[in-house]
Structure formats: C-alpha cells, structure tokens
Amino acid sequence: MQIGSLILYSAFVGALTGVFAAGFVFILQLIERYLLGETLGYLPPGLPGEGGLSQVFRGPTFWWLALLLPLAFAASSYLGSGRGLGWLLAAYRAGRPVRAIEYFRGIIGSLVQLGAGSPLGREGPMAALGLWVGGALGRRIPLGESSRFLPFAGMAAGFAAAFHAPMAGALLASEIVYRGLALEVGALAPALIGALAGFTVYGLFHGYGPLLELPPGPLEWPQLLFGLAIGLVCAGVGTLWLESERVLQRYLRRIGFGLRHALFGLVLAVVLLLMPEAIGNGLPWVQLGTSPILTLPFLGVLFLVQLALLILGGGVRAYGGRLTPALTLGGLSGLILAQLLGEVFPSIAPSPQTAALVGMASLLAGIARAPFAAVVLAGEIGGYSLLPLTLIGAFAAYTFTSPRGSFEDVELNQDKEAPAEPPLENAPQTLLKPPPPASSDSP
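Residues numbered from 1 in each chain as written. Predicted model: local features only at pLDDT ≥ 70, side-chain atom pairs only at ≥ 80, totals over all residues. Heavy atoms only, no water.

Draft legend 1. View of the packing of aromatic side chains. All chains considered together, the criterion is met by nine aromatic pairs. Both rings, one in phenylalanine 257 and one in tyrosine 319, keep their centres 6.5 Å apart while their planes meet at 40 degrees; by these two values the pair is tilted. Of this pair, phenylalanine 257 sits in helix α10 (residues 257-274) while tyrosine 319 sits in the loop between α12 (296-316) and α13 (323-344), and the two are 62 residues apart along the sequence. For phenylalanine 257, a relative accessible area of 1% corresponds to the buried category. Above the ring of tyrosine 398, the side-chain terminus of arginine 369 is found at 4.3 Å from the ring centroid. (Phe/Tyr/Trp six-rings, centres within 6.5 Å; stacked < 30°, edge-to-face > 60°. Helix = DSSP H or I, 4+ residues; strand = E, 2+ residues; numbered from the N terminus. Buried < 20%, exposed > 50% of the residue type's maximum accessible area, 1.4 Å probe, protein only. Lys NZ or Arg CZ within 6 Å of the ring centre and 35° of its normal.)

Take a look at the structure:
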C-alpha cells in the first residue's frame, strides 16, 4: 500500500470537496435570500461562524405568496431521486455502480428544499458531494485497494465543512459506516486528512470560526447529574423523533411522492405565517437562546414545532440531513432543561452555553449512533473543559436511544415510488461492513 500517495490523494479529494461544498453553500444562501427573504419576507438568522445572525422578519406582502412553498417542494421532489447519502453509501460499498446523475439529483433536490425553508440539514448533500468526488477519483487513480478509502476522505471533508469541525467530521464519517463503536483505523487516517484539507479550503470562503459561539462556564461537580439527565432526555427525544417518522412513512406511502412533498411545503407555509422562527436552519436560535432575549415558553414552543416539522419531513422523505436538526433539538433541550432545573436545583443547572453544548452532543450521539464524533464536535465548538459532562450525556443518549434510531440498512433495489420506504436523505449507513484491507500495512 502506497502510504504517501494515499495521503496526497486524500488531501486532494478533501480540498476538491471543500470547493464544491463552498459553492453549494453559496447557492443555498442565494436561494434563501431571494426566495425566503426577498419574496416571502423571512430570512432565518445566519450562523455566527458564517456571517452573523442578521435576518429579515416582515412576512410576505400577500399571504398567498406562501403557497410558493408547496409548489417549490412538489417540483423539487421530481428533481431529486429519493435516494440520499445512506443509499449512496450502501450502493458504493456493495459494489453497485452509481451514475453521477444519481448523486446530483439528490443534491439539487436538497438545495431547492433547504433554500425554501426546510428544517433539515445541509450536511447530507455536502457529504454526498464528497462521496462522489472520492468515488470518481478513486476509480481513476492507480492506488489499488487503497482507492476504496478516498470516498471516506471526501465524505469527511463534507461533514467537516458543514460543521466547521474537521476532527468531528473524520470521526463521523467513520462511525456511521463502521458501527457499534468499532472504528476502522485504515479509513480514519484518510478521513482525517480529507477533513482537514476540505475545511481548510472551505474556510477560505465561509470562515474558520466554530458554527456557534458558546463559551462554556466553569464546571461544578454536581452538574454531572445534568449530563446524565440531558442524556436520558435526548434519548427519549431521539427515539420519539425517529420512531414517529417510521410510523408516518407507513401511512403516507399511499400518497404520491410529489404530493407528499407538496404537503410538507404546505405545512411550512402555514408555519411561515404563524411562527416563522421554526422555518429553515434552527441552529442559530440555540445561540440566541443562551441570552435572556428568548423566554422559556418561546423555546418550548419552538422545540415542539421544529420536532413536529422534522417528523413530518421524515414521513414524506424530504431531502436533507438529520444531523444539523439533531444539534438544534439537542441544544434547545439543554436550554429548556437547564432553566427548569435552575428553578428547583440551581446547583445542578449549568450555564446556558454549557447546557446547549451538552444537549447538542447528546442528541447527535443518539441519532447518528456516533458518540465519539458528538463529544469531539462539542469540544471543537466550545472547548474540552466540558468533557466529563459531554461524555456522560453523549453515551447515555447513545445507550438508551432506540436501536432503530441508528441509520438502518438500505434496500438497493428500491426506487422512490416503491411500496417499501427507503430511509431519509441523510441516513449515513452502509449495507455491508467494508472488508478489511488485503494488505496488513493499512494506512
């Protein structure tokens, strides 16, 4: 195995993925600005790590303009293929060739729906871009068996760019493929190189700061009980979320694929008129929730509306990822629980920034079945002074979240109209565990 060549090509795949990811986010921001901001009068607040929290908040000039959302979602359902990152990973690892159009149909469909206010995440299509780059170059580069690691480098670069966290991106790419707390060292090294290269290039366009500015407060030992409590709460939230999705999928599969997406767009249109804060990427509201500006009732209502939208989005198989929404719901859960405990057991309740970080790590660990990546992501955002809390919360959520909460295996012979439902856009999983390298000197 040519270690030097693998390192070089992993870095190249990561850097190229960073360029594509930067372009994806640029186009996504344009769609959000002109469709949501200029036309519908609501532009969700931006991420602090990518330009601040400025927003447009006036509502559409005419209420019926909100009907553009169901039209956009219905049209985009036919742009996409109904096959997300999970299907692409499974196909690649099973040796099934996947045409470039299969990647880009899902990516374009996600781009339209995310730009139109879907609360799902951008990390799914961004990681799919990296998987395509790594797979395409891996078939053309004479690396022998080592070329099978290049898709990990690309996927890790996509995650690193989406979360501004190269270490967490590399771990996430490995954990979602090698499940059950078993990490493949041979895949982790190229993934880390690709993640570092991808975020280096992506940061040139969108900044290198963490997604959120959450400096944690000092850790007090009684607060370890909060870590256990938020882990159990997030396990319940994650199980409710994913199991409700599956139940809803069984009921909605009798409805045509485009009509399902139109239904989702119609619900988003109603939410736009009644509670626009739940539209689009909700992660900046976690940042705002750490200040006294947002009240506990507002945070509670925002949490419930976002959870309902995510369940519906999963039920209709909307395009996008579930990992960014997991950070949002986890952060809101932490903020709400900290405020409630602060009124009864103030010694247990941590600072709002600490509560948000631990909640984010906990729900991400349960949803993605990736506790190591979740802990490292919290550390890259807020520092590692909260490691005892995030470890307790993440592994408690990982342990008690329903096993069906993990991204399940994909039926490769299904299309989007098949009676049996494939998983959501961001289901990062693989059909078969990749075989170990034939050579003993893995990278």
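Moving on, there is more to tell.
Draft legend 2. Region of the structure containing the layout of surface pockets. The calculated volume of the largest pocket comes to roughly 500 Å³. Lining the largest pocket are 25 residues, with Gln29, Glu32, Pro45, Gly46 and Leu47 sitting closest to its centre. Those elements that provide at least two residues to the lining of the largest pocket are α1 (3-39) and α13. Broken down by element, the residue count for the lining of the largest pocket peaks at five residues, all from α1. Here the residues of the lining of the largest pocket are counted per class, giving eleven nonpolar, ten polar and four charged. (1 Å grid on protein atoms, 1.4 Å probe; cavity = no way out; pocket = protein on both sides within 12 Å on 5 of 7 lines; lining within 4 Å. Points joined across faces, edges and corners; volume = space filled by probe spheres on them. Nonpolar A, V, L, I, M, F, W, Y, C, P; charged D, E, K, R; others polar.)

Draft legend 3. Local environment of the pattern of salt bridges. Enumeration over the complete set of coordinates arrives at four salt bridges. The shortest N-O distance in the salt bridge between glutamate 243 and arginine 246 comes to 3.7 Å. Separated by three residues within a single helix, glutamate 243 and arginine 246 lie in helix α9 (residues 224-252), roughly one turn from each other. In this structure, the salt-bridge partner of glutamate 245 is arginine 322, at a minimum N-O distance of 2.8 Å. Of the two residues, glutamate 245 is situated in helix α9 and arginine 322 in the loop between α12 and α13; the sequence distance between them amounts to 77 residues. On the basis of relative accessibility, which here comes to 2%, the residue glutamate 245 falls in the buried class. (Salt bridge = Lys/Arg side-chain N within 4 Å of Asp/Glu carboxyl O.)

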